Each structure stands twice: as C-alpha cells, then as structure tokens.
Amino acid sequence: FLGPEQLPECLKGCDVVVIPAGVPRKPGMTRDDLFNTNASIVATLTSACAKHCPEAMICIISNPVNSTIPITSEVFKKHGVYNPNRIFGVTTLDIVRANTFVAELKGLDPARVSVPVIGGHAGKTIIPLISQCTPKVDFPQDQLEKLTGRIQEAGTEVVKAKAGAGSATLSMAYAGARFVFSLVDAMNGKEGVIECAFVRSEETESPYFSTPLLLGKKGIEKNLGIGKISPFEEKMVAEAMAELKASIKKGEEFAKNFK
C-alpha cells in the first residue's frame, strides 16, 4: 500500500498495527526534539487506525514514546473507540540493552538475562531494575550507577557513533520484533507471556508508566506493577515523575489541538 489514499485499505481488518514511522535523532538532539514531526505522523496514522481497525493492538515505536502514547490514547478517545489495554509504547529496546550490558559485565549469555525496565523511554525516565534481574546479579554502587547511566543513554551513544547517519535501527528492529512476536503469541492463546511496555497505568502518580505486563488475547491481561525495588531504584522513580508528567501533558495538549 502506498500513500495516504491507500491507508484505509491498508488498515482494514488489521489485528496488530506497528508504527515505527518518523524522523530519527541526529547528534545533539533529544527525543523531544523530534516531537513536532513525529507527533503529527503518529496522530495521522492512529486516527486512521481508530477509523479503520479500532479493535487492533497498536504498538508505537515512534519517539518521543513518552508523548506519542498519550497522543494515541487521546486520538482513540476522540473517535470513541479507546481501549487502554490495546495501546502499547514499545520500550523493549531498553530491556534488550539492559540484558546485553549486564551479560557483558558478568560474562553471561544475554539471551538468558532478564532485566525489567520500568518508567518511560527517554533519559532518566528509563529505570532498569537490576535488583530484579534474573539470574540474580550484584554490582558495587559506583558500577551500578555507571551501568544504569549507560542503559539510559544507550540511544544517544548510538546516535553519536553514527554521527548524523541515523539512530538505532537493527537493535530497534530486533526489539520491536520481539515485542510483537510476544503480543501475537499471547493473542493466539500462549500463557504467561510477559513484556514491559509504556501504557496507561495506575501504578504510580504518572498516568502512563512502563511496567511488566501479562499479555493475553485482549492485550493487557494484567499489569504486574513495579514489585519490590531497591532504594536506589525508588529514588530514580521519584526523580522521573516530573519529566514523565510533562511529556505526557505535552502529548495530550498536542492531540487536543490536532485537526
């Protein structure tokens, strides 16, 4: 399918829609700098989804995810077809990075390491719960802080390394595929499928928040919440709140004025 005129046909009957569209970051840009361009793209595409496949699972990869998910929700509300259990901000790349970096430091196979990452999908809103890692791992505080910082800024590390030629692509494709395969498995009746994603949430004072989710046939079966976390992680959650709320509000305001 090509172009806006074929968008309705493209979306009719879809069970899952994945939106990675948008502009990538350049060196010196934050994810928020992409806001105006990507917000319009996401609002346009999700508006078409609300009209032509209102029941589909919507997986948003376009940054800034902390704002594009609230935009998607507001667009679906406008069309009267909002279901918070079917709208996901794909943050899997943060989990893949956390697993990889922990595995490298501990000499483990990254495929066997599982670190939940909660919060949002930008800078200090990315909160890796190393204390909940399986297998259990321990790091001295200075190393833990450095590791956490690297996970939070891994996207920027890639943007700098590519020196203007783009942002993370192959790793994002892998992470996006992992999330969507998990979702499709759960929709097909596989039990016990858990992935983190940035979703509408009652778990904290932030109206949207990423936590481990039990996925099922209708999307989110159960929000598994934050669980037990360390004082270091609690502090990160507290410090992320202001930025999360501001990004969410920015998305909601944009959606209200979007024609």
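These numbers come from a predicted model, not from an experiment. (Residues numbered from 1 in each chain as written. Predicted model: local features only at pLDDT ≥ 70, side-chain atom pairs only at ≥ 80, totals over all residues. Heavy atoms only, no water.)

**Re the packing of helix α2 (residues 35–52) against helix α3 (residues 65–78)**
The relative placement of two packed helices comes down to the angle between their axes together with the axis-to-axis distance.
Here comes step 1: The interhelical angle for the contact between α2 and α3, taken along N-to-C directions, is 35°, at an axis separation of 9 Å. In this structure, the crossing between α2 and α3 has a hand that is right-handed. Of α3, the residues touching α2 (which contributes Phe 35, Ala 39, Val 42, Ala 43, Thr 46, Ser 47, Cys 49 and Ala 50) are Ser 67, Thr 68, Ile 71, Thr 72, Val 75 and Phe 76.
Here comes step 2: Here the contact of α2 with α3 is composed, by residue class, of nine nonpolar, five polar and no charged. (Axes fitted to C-alpha atoms, helices over the stretch in contact; angles between N-to-C directions. Helix = DSSP H or I, 4+ residues; strand = E, 2+ residues; numbered from the N terminus. Left-handed = near helix turned anticlockwise from the far one by under 90°. Contact = heavy atoms within 4.5 Å. Nonpolar A, V, L, I, M, F, W, Y, C, P; charged D, E, K, R; others polar.)

**What to know about the nonpolar core**
Here comes step 1: Val 17, Ile 58 and Ile 71 are the most contacted members of the largest nonpolar core, which has 37 residues in total.
Here comes step 2: Of all the secondary-structure elements, those providing two or more residues to this core are α1 (7–11), β1 (16–19), α2, β2 (57–60), α3, β7 (208–216) and α8 (231–257).
Here comes step 3: The element that contributes the greatest number of residues to this core is α8, accounting for eight residues.
Here comes step 4: Taken domain by domain, this core gets at least three of its residues from each of domain 1 (4–90) and domain 2 (91–245).
Here comes step 5: Core analysis: the next-biggest nonpolar cluster, separate from the first, contains 19 residues, Val 90, Ala 168, Ala 175 and Leu 215 among them. (Core = buried A, V, L, I, M, F, W, Y, C linked by side-chain atoms within 4.5 Å. Buried < 20%, exposed > 50% of the residue type's maximum accessible area, 1.4 Å probe, protein only. Domains from an automatic or database assignment.)

**Topic: the UniProt feature "binding site: substrate" (unreviewed entry) in the chain**
Here comes step 1: In the numbering used here, UniProt assigns the "binding site: substrate" (unreviewed entry) feature to Arg 25, Arg 31, Asn 63 and Arg 97. Taking the annotated residues in turn, Arg 25, Arg 31, Asn 63 and Arg 97 line the largest pocket.
Here comes step 2: Among the structural elements, Arg 31 can be located in the loop between β1 and α2.
Here comes step 3: Each residue touching Arg 31, except ones within four places of it in the same chain, is listed here: Arg 25, Asn 63, Pro 64, Arg 97, His 121, Ala 122, Gly 123 and Gly 155.
Here comes step 4: Among the secondary structure elements, Asn 63 is positioned in the loop between β2 and α3. (UniProt positions renumbered as here; feature names shortened; annotations may be inferred. 1 Å grid on protein atoms, 1.4 Å probe; cavity = no way out; pocket = protein on both sides within 12 Å on 5 of 7 lines; lining within 4 Å.)

**Quick look at the pattern of salt bridges**
Pairing between side chains of opposite charge can happen when their charged atoms approach one another.
Here comes step 1: Throughout the structure, instances matching the rule amount to 11 salt bridges.
Here comes step 2: Between Asp 185 and Lys 190 there is a salt bridge, with its nearest N and O atoms 4.0 Å apart.
Here comes step 3: One salt bridge connects Glu 253 with Lys 249, and the closest N-O pair in it is separated by 3.7 Å. Note that Glu 253 and Lys 249 are positioned in helix α8 at a spacing of four residues, about one turn of the helix.
Here comes step 4: Overall, the relative accessible area of 35% leaves Glu 253 in the partly exposed class. (Salt bridge = Lys/Arg side-chain N within 4 Å of Asp/Glu carboxyl O.)

**So, the packing of aromatic side chains**
Here comes step 1: The tally for this structure, following the rule as stated, stands at four aromatic pairs.
Here comes step 2: In this structure an aromatic cluster arises from ring pairing among Phe 35, Phe 254 and Phe 258.
Here comes step 3: Sitting over the face of the ring of Phe 101, Arg 150 holds its NZ or CZ atom 3.9 Å from the ring centroid.
Here comes step 4: Geometry around Tyr 208 places Arg 200 over its ring, the cationic atom sitting 5.2 Å from the centre. (Phe/Tyr/Trp six-rings, centres within 6.5 Å; stacked < 30°, edge-to-face > 60°. Lys NZ or Arg CZ within 6 Å of the ring centre and 35° of its normal.)

**A closer look at the environment of Ala 21**
Here comes step 1: Here Ala 21 shows up in the loop between β1 and α2.
Here comes step 2: Residues contacting Ala 21, with those up to four places away along its chain left out, are Ile 41, Leu 45 and Ser 62.

**Comments concerning unusual backbone geometry**
Here comes step 1: In the segment running from Asn 63 into Pro 64, the intervening peptide bond is cis, with an omega of -5°.
Here comes step 2: Within the secondary structure, Pro 64 is located in the loop between β2 and α3.

**Observations regarding the layout of surface pockets**
In this approach a probe as big as a water molecule rolls over the atoms, and the regions it shows empty are the leftover space.
Here comes step 1: Counted as a void, the largest pocket has a volume near 430 Å³.
Here comes step 2: Ile 61, Asn 63, Ser 167, Ala 168 and Met 172 are the residues nearest the centre of the largest pocket, which is lined by 24 residues in total.
Here comes step 3: For the lining of the largest pocket, the elements supplying multiple residues, two or more each, are α4 (92–106), α6 (154–161) and α7 (170–187).
Here comes step 4: It is α7 that provides the largest number of residues to the lining of the largest pocket, a total of four residues.
Here comes step 5: In the lining of the largest pocket, the residues fall into 12 nonpolar, nine polar and three charged. (Points joined across faces, edges and corners; volume = space filled by probe spheres on them.)

**Points about the environment of Pro 20**
Here comes step 1: Mapped onto the fold, Pro 20 is located in the loop between β1 and α2.
Here comes step 2: The sequence separation of Pro 20 and Leu 214 amounts to 194 residues, and the corresponding C-alpha distance is 23 Å.
Here comes step 3: Other than its neighbours up to four places away in sequence, Pro 20 contacts Ile 61 and Ser 62.

**Concerning α4**
Each turn of an α-helix holds 3.6 residues, which means side chains three or four residues apart point in the same direction.
Here comes step 1: An ideal rise of 1.5 Å per residue puts 21 Å on 15 residues; α4 measures up with 21 Å between its terminal C-alpha atoms.
Here comes step 2: Taken together, the buried positions of α4 are Thr 92, Leu 93, Asp 94, Ile 95, Val 96, Arg 97, Ala 98, Asn 99, Phe 101, Val 102 and Ala 103.
Here comes step 3: For α4, the elements touching its buried residues are β4 (117–119), β5 (126–128), α5 (141–152), α6, α7 and β6 (194–200).
Here comes step 4: Residue Gly 107 follows α4 closely and has a positive phi angle near 65°. (Expected span 1.5 Å × (residues − 1).)

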